[in-house]
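What follows is each chain in one-letter form.
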2 protein chains.
Amino acid sequence: MAHQAVVSYCRFIQSQVMNRARAQHEQQIKKARESKMCGTDKRPDPCPIITKSLSSDSIINLDHGDPTMYKEYWERMGDKCSITITGWQSLSYFSNTSNICWFLEPEFEKEVRRIHSVVGNAVAEDYHIVVGNGSSQLFQAALYALSPANALQPMNVVSAAPYYSSYPALTEFLKSGLYKWAGDACNFDKEEPYIELVTSPNNPDGFIREAVANCRKLGKLVHDLAYYWPQYTAITAPADHDVMLFTVSKCTGHAGTRIGWALVKDREVARKMTKFIELNTIGVSKDSQLRAAKILQVLSNCCECARPGETENFFEHFRGQMTERWDRLRGVVKGSDLFSLPEYPVEFCNFFGDFFEAQPAFAWLKCREEIEDCESFLKSHKIITRSGRHFGEIPSMLELACLIKITLSISYYKGCQP
Amino acid sequence: MAHQAVVSYCRFIQSQVMNRARAQHEQQIKKARESKMCGTDKRPDPCPIITKSLSSDSIINLDHGDPTMYKEYWERMGDKCSITITGWQSLSYFSNTSNICWFLEPEFEKEVRRIHSVVGNAVAEDYHIVVGNGSSQLFQAALYALSPANALQPMNVVSAAPYYSSYPALTEFLKSGLYKWAGDACNFDKEEPYIELVTSPNNPDGFIREAVANCRKLGKLVHDLAYYWPQYTAITAPADHDVMLFTVSKCTGHAGTRIGWALVKDREVARKMTKFIELNTIGVSKDSQLRAAKILQVLSNCCECARPGETENFFEHFRGQMTERWDRLRGVVKGSDLFSLPEYPVEFCNFFGDFFEAQPAFAWLKCREEIEDCESFLKSHKIITRSGRHFGEIPSMLELACLIKITLSISYYKGCQP
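Chain A goes by Alliinase C-terminal domain-containing protein in an unreviewed UniProt entry, where it is assigned to Stephania cephalantha. For the record of chain A, the UniProt heading Cofactor (unreviewed entry) holds the text "pyridoxal 5'-phosphate". UniProt, in its Sequence similarities (unreviewed entry) section for chain A, records the words "Belongs to the alliinase family."

In structure tokens, the structure reads:
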């Protein structure tokens, strides 16, 4: 039965990934003992997730992403990335009052500029940096900054479908009079000002994107580049858009630290984004900024010191992991006539100096046959996914987040912390 | 000349506080060497602020508060309050998925409940705890949670004047269709639903408050209890309101860590506040929650272990400091016919087991004579204050934030980090 095949498929993927993860983990412990180049000889604790067995009545949650796959790498880095914060540090609200973004820690600013220079994914010189409590807050800060305070009508906010499923809710939840969600950018043809959100690589389908709305002279652009890092896609050129959003969650995996940043070309836009964050949360945790600075510092150091081909290079290591996962996923999909996956162009990556195709942190899986509402069907089999309808598409498209999202799906439904 | 007297007065206060701070700091270093009870024998670094001299053209900023006065205490606590965060900790978005507030760190929750039990300033048992990026975010979360999603009109938001000067901006900056600023609660007489913000002790005047709006059955209350700690006011009873907001900034001085919490009686309100924070910032920094938990743990320990009268008890130490500052301020004001200060009732404090009168973190100074706009006048003399008009009052009332706010005023205008 086709339905049963879907369930078997998901469980097969899961068990394969878990077995592989266990083997990789053991191999990494062995490697870490042998090499001290960028790692440590301290043995990491065994990962609690991958030692758990998966029973047939387990709930598999492929809806929410959670970057716990990155944990084993940071374990291997050992004390290099640890920071100690004393009780008397960082009491003040202020970080640098000579900066437009007065709550931006200078050390964090320095490491943000450095990582972009090392990776080559964005121009950071001559840009203002605004730090945020994750990139969601920066997204809202950008809407606030780019919407005139005294306009008669709220600003239109659009994005090309399939778009990041949280954009409509983030735009609408306070019923702001400054801006409103106006849907698919491809269908937007009003002669009115608008903000277009360009997510590249795109969540959920992983493609590199450019602005699409037709009336460019009335439009302002916000580029969400959260996934524009070399483990996911080829770095073809440094991005140099007006407003670019990044987050450590997607770059290094430190989602719990809630740190994002915006590179902003225009001084007044940076000032208004800062004002939003001042009103919303009176700045951003210094503890987290200092920690993110340390992580980025180690990351840049490792990129600069590791020889090509060595897995101690963070991006090389995780590009390898993503390649393995995508190879397995494509292998399984190929053996079934139920599904298809997007095909990505092979592109030259300036960071790695070679060609490869995109391997997003999520899979945008298309059901080919009789299953009209995959989300409901899979839910009845205890597999939770996010239907394509949340992304502005028909329900047979679903975001199968089976790649980096698998580990958490078990742990948080079973009450075990990752 | 009266004008000159104002300037002299401010500079006198400043120099007195600085001299005193220097002397106290030296004494504390000496004490820390002698006693190890709750402190450390490690000598803290000299405070850079109090070794700076004040020139006649320095700008004195008494507008923004910044709790850097607390730094010397935490220095004396030494490594007791330090935390080390490894690179592989806290990667996940999730803290506790069995809690309504799924991003609340269990350790932080535990220490919040404990400190309220130790101090006796609020009932925490049977309340839901929602953590926020400071109490400003929780204030917005409360407005979101208490305003019906589908009402025809935005909810009225009121507070009795003089009210916290940021309330109108925080309520209005996104032009939300869910709620709107409706001004002074004392003047609110519409037969419409409303949210009343009750700040107690009140910012800016320091008085204990209760709800005042007339049509109670249509009203919902949010109690901002940021200053309801025993260094500022007598703890007369554990507060048990529906929604109570607190922040570490005002309790322990750790403003840069951006951690606040709400005690919420109703499950659905807690769920909606959590939803706001999920949409706004996808949770709250785990690093900061862990740090705040550590600080609160040491605070509770010190309260429980220090003998009465010992300055190692945090609250006793800072009650003493606030008393000294208020004594000096009252002495200066008494010798002038230009100003008057509020008189606070003497009340029994359950925490200290004695009587004392409130000594807020700011002074609500009233000009008696010909100076109609104190803010403008003092600004021309390089003294920055916040006029009473920001608090819903006439301009001759000003918030003279000369107590704990003095140290930062020098450092951040001179580019020196506190």
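Back to the write-up after that little detour.
The next point concerns the overall build of chain A. Within chain A, the regular secondary structure consists of 11 helices and 16 strands. With the model as given, the accessible surface of chain A reaches about 15,700 Å², and the carbon-plus-sulfur share is 50%.

What follows is about the interface of chain A and chain B. Opposite the 69 residues of chain A that make contact, chain B presents 69 residues. When the two sides are added together, the surface that chain A and chain B hide from each other amounts to roughly 5,700 Å², 56% of it contributed by carbon and sulfur. Where chain A packs against chain B, one counts 2 salt bridges. The salt bridge partner of Arg291(B) is Asp287(A), with a shortest N-O separation of 2.9 Å. Linking chain A to chain B there are 46 residue pairs in polar contact (both at pLDDT 80 or more). Mapped onto the side of chain A that touches chain B, the elements with two or more residues apiece are helix 2 (71-77), strand 2 (83-85), helix 4 (134-146), helix 5 (167-172), helix 6 (248-251), helix 7 (267-281), helix 8 (286-305) and helix 11 (406-413) of chain A. By residue number, the principal contributor to the side of chain A that touches chain B is helix 8 of chain A, which donates 5 residues.

Our next topic: the side chain of Ser176(B). Tracing the sequence through the fold places Ser176(B) in the loop between helix 5 (167-172) and strand 5 (179-184). Polar side-chain contacts of Ser176(B) include one of 2.6 Å to the backbone oxygen of Leu174(A). Reaching out from Ser176(B), the side chain makes a polar contact with the backbone nitrogen of Leu178(B) at a distance of 2.9 Å. Ignoring sequence-local partners within four residues, the contact set of Ser176(B) consists of Leu174(A), Lys175(A), Ser176(A) and Pro154(B).

Turning our eyes to something else, we now look at the sheet that holds strand 4 (residues 155-159) of chain A. Residues and elements named next belong to chain A. With mixed pairing, the 7 strands of this open sheet are ordered in space as 3-9-8-7-6-4-5. Two strands lie at the open edges of the sheet, namely strand 3 (128-132) and strand 5 (179-184), each paired on one side alone. Across this sheet, the average inter-strand angle for adjacent strands is 25°, counted without regard to direction. As judged from the 4 bridges shared by strand 4 and strand 5, these two strands associate in the parallel manner. Note that in strand 5 the partner of Ser159 across the bridge is Asp184. Here helix 4 sits on the sheet and contacts strand 3, strand 4, strand 5, strand 6 (194-199), strand 7 (219-224), strand 8 (243-247) and strand 9 (260-264); the angle it forms with strand 8, its principal contact strand, is near 165°. Against the sheet, helix 7 touches strand 3, strand 8 and strand 9, its axis set at about 15° to strand 3.

Before going further, it helps to spend a moment on the relation of the copies chain A and chain B. Superposition record for chain A on chain B: RMSD 0.0 Å, screw rotation 180°, translation along axis 0.0 Å. On the angle and the small slide along the axis, the relation comes out as a two-fold axis. Of the interface residues in chain A, 100% have counterparts in chain B that sit at the interface too, so the contact is made through matching surfaces.

Residues in a regular strand point their side chains to alternate faces of the sheet. Residues and elements named next belong to chain A. Bridge analysis of strand 6 against strand 7 gives 6 bridges, and the strand direction is parallel. Its bridge partner lying in strand 7, Tyr194 is registered against Gly219. Here strand 7 runs beside strand 8; their pairing, made up of 2 bridges, is parallel. Paired with Asp224 across the two strands is Leu245, which belongs to strand 8.

What counts and how
- Going along each chain's sequence as written, the residues are numbered from 1 onward.
- For this description, chains carry letters from A and ligands carry numbers from 1, given in the order in which they are written.
- Local features are withheld for residues below a pLDDT of 70 in this predicted model, meaning they are given only at 70 or higher, and side-chain atom pairs are given and counted only at 80 or more; totals for whole chains, interfaces and linings count all residues.
- Water and hydrogen atoms were dropped before computing side-chain values, which therefore reflect all heavy atoms in the structure.
- UniProt positions are given in the numbering used here, feature names are shortened, and annotations may be inferred rather than shown by experiment.
- Helix and strand assignments come from DSSP, with helices taken as H or I runs of at least 4 residues and strands as E runs of at least 2, each series counted from the N terminus.
- With residues, only the protein chains shown are counted as cover, and all accessible areas are computed by Shrake-Rupley using a 1.4 Å probe.
- Any two residues whose heavy atoms approach within 4.5 Å at even a single point are treated as in contact.
- When two parts are put together, the accessible area they lose, computed with a 1.4 Å probe and summed over both, is reported as buried area.
- A pair is scored as a salt bridge if a Lys or Arg side-chain nitrogen falls within 4 Å of a carboxyl oxygen belonging to Asp or Glu.
- Here a polar contact is taken to be a pair of N or O atoms separated by no more than 3.5 Å, where protein atoms must pair a possible hydrogen donor with a possible acceptor and residues adjacent in sequence count only if both atoms sit in side chains.
- We call two strands paired when DSSP finds no fewer than two bridges between them.
- Geometry is summarised by axes, namely lines fitted to C-alpha atoms with helices restricted to the contacting stretch, and by angles between N-to-C directions that run from 0 to 180 degrees.
- Residues below a pLDDT of 70 in either copy are left out; the C-alpha atoms of the rest, at least 70 in both, set the least-squares superposition of the copies.

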